[in-house]
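# Observations on the three-dimensional arrangement
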Amino acid sequence: MNVLRSWLHLLFMGVTVVPWATAAVVMSPFVSANRLYWFCVGWVRLQVWAARWMLGIRNEVIGWENLPVGETAPAILLAKHQSTWETFCLPALMPHPLAFVFKRELLYVPFFGWALGRLDMVHIDRAKRAQAFNKVVEQGRRLLARGTWVIMFPEGTRVARGARGQYKTGGSRLAVQTGAPVIPIAVTSGRCWPRRAIVKRPGTVVFSIGRPIPSEGRDPEALMREVEDWIESEMRRLDPEAYRDERQAALAA
């Protein structure tokens, strides 16, 4: 049954993205960046709704009170990355527009990438690291000033449930450069929507939002270590089953 439901949801995404993305591209020269963003978020919300009824995947959010309050209050969200699910859900859940920092190759994905390229986000060439980071800082300052929150996945790519990727300092460096607080987010999406998996499982994905971490005057590496420690500790609290082998190894030692 999960196989059938997963393929139906995948088909639903493919069928709905074509007209939605086409409309986004056509309307992009005539509407504001903010209006275009929320129009595209409408498609993301539709996929989250469809996943609830087709796949049985629901969301639980902990720590709403930790989000900054104010129309232009800045924030840099640094989230655990286990699957595509958080890239759908976080824009649908957050009260502010989000600007993802992503590799420019995504712009070439038919329809989805074309619409993504019309949004005011930060696409970078990973082969040009120094230029890429300068672009992140330049665009990040502008976006944060108008109340758009920048979101990054410090592990850089999706990691398997129970695994820890290498936390890179791009997000913490941006925070130090701009003075924006960092919001760490732990996500248990891997138990319902494993990375690179076609077949999904019903269940509840927990998003745990940590307290803002001030960035002014901080060392980027120390700041990222604090983010990593909080996220990884929270992941073990939220999904202890995924880290059973790790605990057993620690006990054996």
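Residues numbered from 1 in each chain as written. Predicted model: local features only at pLDDT ≥ 70, side-chain atom pairs only at ≥ 80, totals over all residues. Heavy atoms only, no water.

## So, the UniProt feature "transmembrane region" (unreviewed entry) in the chain
Taking the numbering used here, the UniProt-annotated feature "transmembrane region" (unreviewed entry) corresponds to residues 7-30. Helix and strand shares over residues 7-30 are 88% and 0% respectively, and the end C-alpha atoms of the span are 36 Å apart. (UniProt positions renumbered as here; feature names shortened; annotations may be inferred. Helix = DSSP H or I, 4+ residues; strand = E, 2+ residues; numbered from the N terminus.)

## Brief notes about a nonpolar patch on the surface
A surface patch of nonpolar side chains, about 540 Å² in accessible area, is lined by Met1, Leu4, Leu8, Leu11 and Val15. Relative to the elements of secondary structure, Leu4 occurs in helix 1 (residues 2-27). (Patch = residues over 30% accessible without salt bridge, like charges linked within 9 Å, V, L, I, M, F, W, Y side chains within 5 Å. Areas by Shrake-Rupley, 256 points an atom, 1.4 Å probe, with all protein chains shown as cover. Salt bridge = Lys/Arg side-chain N within 4 Å of Asp/Glu carboxyl O.)

## Quick look at the nonpolar core
Ranked by size, the top nonpolar core spans 73 residues in total, and within it Leu77, Trp85 and Met94 carry the most contacts. Aside from chain neighbours lying at most four places away, what touches Leu77 is Met94, Leu98, Trp149, Val150, Ile151, Met152, Ile183 and Ile185. (Core = buried A, V, L, I, M, F, W, Y, C linked by side-chain atoms within 4.5 Å. Buried < 20%, exposed > 50% of the residue type's maximum accessible area, 1.4 Å probe, protein only. Contact = heavy atoms within 4.5 Å.)

## Describing the layout of surface pockets
Taken as a whole, the second largest pocket holds about 220 Å³ of empty space. The dominant element in the lining of the second largest pocket, judged by the number of residues it contributes, is helix 2 (residues 33-54), at 4 residues. The residue inventory of the lining of the second largest pocket, partitioned by class, reads 7 nonpolar, 4 polar and 3 charged. (1 Å grid on protein atoms, 1.4 Å probe; cavity = no way out; pocket = protein on both sides within 12 Å on 5 of 7 lines; lining within 4 Å. Points joined across faces, edges and corners; volume = space filled by probe spheres on them. Nonpolar A, V, L, I, M, F, W, Y, C, P; charged D, E, K, R; others polar.)

## Observations regarding the pattern of salt bridges
In total, this model carries 11 salt bridges according to the counting rule given. The partner of Arg164 in a salt bridge is Glu228, and the shortest N-O contact between them spans 2.9 Å. Remark: Glu228 occurs in helix 7 (residues 220-238) and Arg164 occurs in the loop between strand 5 (149-152) and helix 6 (170-178); sequence separation between them is 64 residues. Between Arg237 and Glu234 there is a salt bridge, and its shortest N-O distance comes to 2.7 Å. Note that Arg237 and Glu234 are positioned in helix 7 at a spacing of 3 residues, about one turn of the helix. Here the salt bridges do not stand alone but share partners, grouping Lys80, Glu155, Arg164, Glu228, Glu232 and Arg236 into one network.

## Examining unusual backbone geometry
Within the chain, Phe111 stands out as a residue other than glycine whose phi angle is a positive 65°. Position of Phe111 among the secondary structure elements: in the loop between strand 3 (98-103) and helix 4 (112-116). Given the relative accessible area of 27%, Phe111 is considered partly exposed. With a phi angle near 60°, Arg196 is a residue other than glycine that sits in the positive phi range.

## As for the packing of helix 1 against helix 2
At a closest axis distance of 10 Å, the pairing of helix 1 and helix 2 adopts a crossing angle of 170°. Considered as vectors, helix 1 and helix 2 are oriented roughly antiparallel to each other. Across from Arg5, Leu8, His9, Phe12, Met13, Thr16, Val17, Trp20, Ala23, Ala24 and Met27 in helix 1, the residues of helix 2 making contact are Leu36, Phe39, Cys40, Gly42, Trp43, Leu46, Gln47, Ala50, Ala51 and Met54. When the residues that make up the contact of helix 1 with helix 2 are grouped by side-chain class, the tally is 16 nonpolar, 4 polar and 1 charged. (Axes fitted to C-alpha atoms, helices over the stretch in contact; angles between N-to-C directions. Parallel < 35°, antiparallel > 145°, perpendicular 65-115°, else oblique.)

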